[in-house]
Amino acid sequence: MGSQGGFGQSKEFLDLIKSIGEARSKAEEDRIVINEIEILKKRIIEPDIPKRKMKEYIMRLVYVEMLGHDASFGYIHAVKMTHDDNLHLKRTGYLAVTLFLNEDHDLIILIVNTIQKDLKSDNYLVVCAALNAVCKLINEETIPAVLPQVVDLLGHTKEAVRKKAVMALHRFYQKSPSSVSHLVSNFRKRLCDNDPGVMGSTLCPLYDLISADVNSYKDVVVSFVSILKQVAERRLPKSYDYHQMPAPFIQIKLLKILALLGSGDKKASEQMYTIVGDIMRKSDSSSNIGNAILYECICCVSSIHPNPKVLESAAEAVAKFLKNDSHNLKYLGIDALGRLIKISTEIAEQHQLAVIDCLEDPDDTLKRKTFELLYKMTKPSNVEVIVDRMIDYMMSINDDHYKTEIASRCVELAEQFAPSNQWFIQTMNKVFEHAGDLVNLKVAHNLMRLIAEGFGEEDDTADSQLRSSAVESYLRIMGEPKLPSAFLQVICWVLGEYGTADGKYSASYITGKISDIAEAHSTDDMVKAYAVSALMKVYSFEIAAGRKVDMLPECQSFIEELLASNSTDLQQRAYELQSVVGLDARAVESIMPMDASCEDIEVDRELSFLNGYVQESLNKGAQPYIPENERSGALSISNFRIEEHVSSGHSLRFEAYELPKPSVPSRPPVPPVSSTELVHVPEPTYHREFHETVAPKLSVSGTGSSEITLRLDGVQKKWGKQTYSSSSPSTSDSDTHKTQNEATQRDVPSSLSSKARDVSYDSTRQQENINPEKQKLAASLFGGASKSEKRPAAGHKASRPNSRTTDKSHAEKSGPSDVDAVKASPQPPPDLLDMGEPTSISNTVVDPFKQLEGLLDLNEGATAPGSSSASKAPDFMSLYGDTSFSGQNMGTVNLLSTGSGDANLISGISSAPDRNGHGTGSTVTLTRQLSKGPNTKEALEKDALVRQMGVTPATQNPNLFKDLLG
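So, how was this worked out
Residues numbered from 1 in each chain as written. Predicted model: local features only at pLDDT ≥ 70, side-chain atom pairs only at ≥ 80, totals over all residues. Heavy atoms only, no water. Helix = DSSP H or I, 4+ residues; strand = E, 2+ residues; numbered from the N terminus. Buried < 20%, exposed > 50% of the residue type's maximum accessible area, 1.4 Å probe, protein only. Contact = heavy atoms within 4.5 Å. Areas by Shrake-Rupley, 256 points an atom, 1.4 Å probe, with all protein chains shown as cover. pLDDT = per-residue confidence, 0-100. Phe/Tyr/Trp six-rings, centres within 6.5 Å; stacked < 30°, edge-to-face > 60°. Lys NZ or Arg CZ within 6 Å of the ring centre and 35° of its normal. Salt bridge = Lys/Arg side-chain N within 4 Å of Asp/Glu carboxyl O. Axes fitted to C-alpha atoms, helices over the stretch in contact; angles between N-to-C directions. Parallel < 35°, antiparallel > 145°, perpendicular 65-115°, else oblique. Left-handed = near helix turned anticlockwise from the far one by under 90°. Nonpolar A, V, L, I, M, F, W, Y, C, P; charged D, E, K, R; others polar. Expected span 1.5 Å × (residues − 1). Core = buried A, V, L, I, M, F, W, Y, C linked by side-chain atoms within 4.5 Å. Polar contact = N/O pair within 3.5 Å; in protein donor to acceptor, adjacent residues only side chain to side chain.

1. So, the overall build of the chain
Counting its secondary structure elements, the chain contains 39 helices and 10 strands. Residue burial in the chain is summarised as follows: out of 966 residues, 44% are buried. Across the chain, contacts joining residues at least 24 apart in sequence account for 69% of those joining residues at least 6 apart. For the chain, the accessible area works out to roughly 51,100 Å², and carbon and sulfur atoms hold 50% of it.

2. Re the confidence of the model for the chain
Low pLDDT means the predicted coordinates in that region are not meant to be read closely. Looking at the chain, the pLDDT average stands at 74 and 65% of residues meet or exceed 70. When pLDDT is averaged over each helix and strand of the chain, the minimum, 37, is found for strand 10 (residues 923–924) and the maximum, 95, for helix 13 (residues 248–262).

3. Observations concerning the packing of aromatic side chains
Inspection of every chain in the model, using the stated rule, returns 9 aromatic pairs. Measuring from ring centre to ring centre gives 5.1 Å for F432 and F487, while their planes differ by 0 degrees; the resulting arrangement is stacked. Separated by 55 residues along the polypeptide, F432 in helix 24 (residues 421–435) and F487 in helix 27 (residues 485–498) bring together distant segments of the chain. Taken together, the aromatic side chains of F371, Y393 and Y402 make up a single cluster linked through ring pairs. The ring of Y375 is capped by R409, whose NZ or CZ atom sits 5.0 Å from the centre of that ring.

4. Side note on the pattern of salt bridges
Here the structure, examined in full by the defined rule, presents 30 salt bridges. Its salt-bridge partner being D364, residue R368 comes within 2.9 Å of it at the nearest N-O pair. Highlighted residues: R368 and D364, both in helix 21 (residues 364–377), separated by 4 residues, approximately one helical turn. Its relative accessible area of 22% is what places R368 among the partly exposed residues. Here D364 falls in the partly exposed class, since its relative accessible area comes to 30%.

5. Observations regarding unusual backbone geometry
You will see that A247, though not glycine, has its phi angle at about 40 degrees, which is positive. Within the fold, A247 resides in the loop between strand 2 (245–246) and helix 13. In the Ramachandran plot, L607 falls in the positive-phi region, its phi being about 50 degrees despite a non-glycine side chain. By secondary structure assignment, the location of L607 is in the loop between strand 3 (601–603) and helix 33 (611–619). We classify L607 as partly exposed; its relative accessible area is 40%.

6. Thoughts on the packing of helix 24 against helix 26 (residues 460–477)
Following both chains from N to C, one finds helix 24 and helix 26 inclined at 20 degrees, their axes separated by 10 Å at the closest point. If you check the angle between helix 24 and helix 26, you find them roughly parallel. Judged by the sense of rotation from one axis to the other, the crossing of helix 24 with helix 26 is right-handed. Contacts between helix 24 and helix 26 involve N421, Q422, I425 and N429 on the former and, on the latter, L466, S469, A470, S473, Y474 and I477. Of the residues that constitute the contact of helix 24 with helix 26, the class distribution is 5 nonpolar, 5 polar and no charged.

7. Examining the packing of helix 25 (residues 441–453) against helix 27
The interhelical angle for the contact between helix 25 and helix 27, taken along N-to-C directions, is 20 degrees, at an axis separation of 9 Å. Compared by their axis directions, helix 25 and helix 27 come out roughly parallel. As for the relative orientation of helix 25 and helix 27, their crossing is right-handed in sense. Across from L441, A444, L447, M448, I451 and A452 in helix 25, the residues of helix 27 making contact are A486, Q489, V490, W493, V494 and Y498. In the contact of helix 25 with helix 27, the residues fall into 11 nonpolar, 1 polar and no charged.

8. Some thoughts on helix 27
Over its 14 residues, helix 27 extends 20 Å from the first C-alpha to the last, a length consistent with the 20 Å expected when each residue adds 1.5 Å. Burial runs high along helix 27: 14 of the 14 residues are buried.

9. Quick look at the nonpolar core
Within the largest apolar cluster, 210 residues are counted, with the highest numbers of intra-cluster contacts made by L101, I115, F172, F224 and Y474. When residues no more than four places from it in sequence are discounted, the contact partners of F224 are L191, L203, L206, I210, L254, I257, L258 and L261.

10. Some details on the side chain of K90
Mapped onto the secondary structure, K90 falls in helix 5 (residues 87–100). On the basis of relative accessibility, which here comes to 4%, the residue K90 falls in the buried class. Polar side-chain contacts of K90 include one of 2.7 Å to the backbone oxygen of T82. Setting aside its immediate chain neighbours within four residues, K90 contacts M81, T82, H83, D84, T114, D118 and V126.

11. What to know about the environment of Q244
Take Q244: it is sitting in the loop between strand 1 (241–242) and strand 2. Along the chain, Q244 and G290 lie 46 residues apart, while their C-alpha atoms are 9.3 Å from each other.

Laid out in structure tokens, this is it:
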């Protein structure tokens, strides 16, 4: 191995570390590590390796894993090292396995017993090593194996063990809260531990518990305040100081906890004011850790119930941050200011010039944070300035993610605080033009609705001016390259609706512009669809006005192109345009009325115009429609054709299946046939049906004809779309937060003391050095009323008196009142071997074998009762045609073959199960009938077998049995 190097390691190990550090490229480093892996693979399997050498090998494996290479061949040796009695080897083994393995690794089970043994060790260093491994490796399934021992260690004499036991319990709570829910009281007890380290480790789990349930820990506010006061007064040992700040990390965690407990609670907040104010006064702003505590105090003040004096101290702290030359501290100041303006908007006005400086700072991160602050400060008096600055910034960045965020904020502010509809349209045009397809499609719909609704008043002149300005702006913008698809849809819709409304532009000019849009975006079907609809509107308005329509050649070629389009939607729109153009003025005016986009549309959800048809079908025996919410998870309305046999709602059935009925005694056994004689047939399609009973039965249609269906009642659907949707009620804290903010602003005085104003940012500058443009911008941003006056989200004005879509009725009844009249009394499930005629549900007992004995000769062409015609022998597979309901099929099943005449129907069926899932214990085959004409005895045997396989003849037609049995 070579001579020993420093720290007791071999020279080879030290050379490895040195060569890795001196590697000039990733390829060279990989070459060194791969060579090391080959060496370790050979040496680690050598017999009788000294423990000291094995420890070094494990450490070298750690280096290999840290550099991103696979060292799984040595994992088992690290696990073995955890079993060693030597402390150094054991701790090395625990360190290695915590780095190598994850909690779901297969080798974890080999470590659990070792951890259990080490948790009981007398050496507290061994116990600490085991607790470290517990935090890393124990998963939810193995928590019960070590939980009792970890709880016992909370009372250990060594503070290091108690601290690590608290950390282990916290980890258990994060992985499985239910496993330690009965032990949360132990965290309260450890809060009173004599050792500050144990107390500090308890704050982390308590923070998680308080975040989940604040009200359960209101009684601990006094204890937290007392601890924070002792820490601030330097009563803890000097070893807990950091940069001359007493236990700063404990202070920060306590301030976070107090912010949770004091939120919306005036009584609890009153106990915190004194200590929070003292900490802000004593904090040292010359060090990073002092600024961190100061920032956490501001966050706490912004969360608890407000107090004027504490707010004044927080404003002074914000001023310190904003006046600092460090960008990091300015960032903290902007973030803290954004928290405080939720309580008092006047604080932001004191630092308006500092905010402007941050807005113009070259640091992009600081600029983004300032835009977040302006977003929170927006009101009707400054919305134009803020949105314009946001759009300018959006144009200057290339980050699509942040550009999307800025665009959505501009749209939101414009919808809430727009001073006029004209400004809103212009702003939306800019957002669409510069953000492109990053804008949500919903914004385009809101813009179209705004233009259609206008000002929402009876001022038609103002509405006409709004639409005319929109048309002019879109005619000017449409020439710009790379316009987003959503914006082009808006342009086409506006030009079609209002392009010729004021008479300023002719129909040929507008249609030519629309054709240009469609030609320039020939690959976008949505744009072409909006374009052809716009052409239809323009031509319809011209025809209704009595003017002659002259279709431009480019429009004609565009329509002809759509008539041969692969898109059925575009084809339909083109054919509709051709039809409308050929109608007279009166018809066109009734079909396409002028400016009818906001007219009320009556929606008859009950479809009452179909009542006569529904009643007629019910009288003929059709089954009634059952609403979707009453189907209890059914997937097709065809499930309800035989409602008489449903005795209870869908639920799990735990009773055993009934025993199969005894087979027909007169049926002689038939020798088996090789399974290789099975014939492949096309797969028939069945109706998708679920019902209460499991046994397949025949469904009866309303006209008396019968069909073969597969009944799968109670079977859970694994694939496909479900017919029900479960929605959990979602709650939002926005209303509560808004109420709290309103309540807090009432308790804050209208202005802060003059002391805060003296330390504000603008007081540090001389008036003659301030740029007049900055003063003007600050006046635009921070001037005006401070109360936010929100506008309607989309309309900005009161909408028209009548809504555009009104429902005739909101009743949930979906069928006639006599739906239940057609349902018969529930019947018990029929016998699986019952071969009676299924076309009617009757108590009359009919022997199916007597019916089959009366079958006529095949050549006579007689028809069975209920058959429509016997002139042509029916094809059996036609009964299994594509009869899916609503485009859904249950699936296909290979049951039989109607192919070549010499092919066997079914072969190789051993112990065919009956419909209840029980085997019959017999093996049967079918051979071709050599004699002409029906053989009643063999037909009965074969029919019984076919029924046993799940195929039930639907009629008594002998031609059917010919197709079945050959």
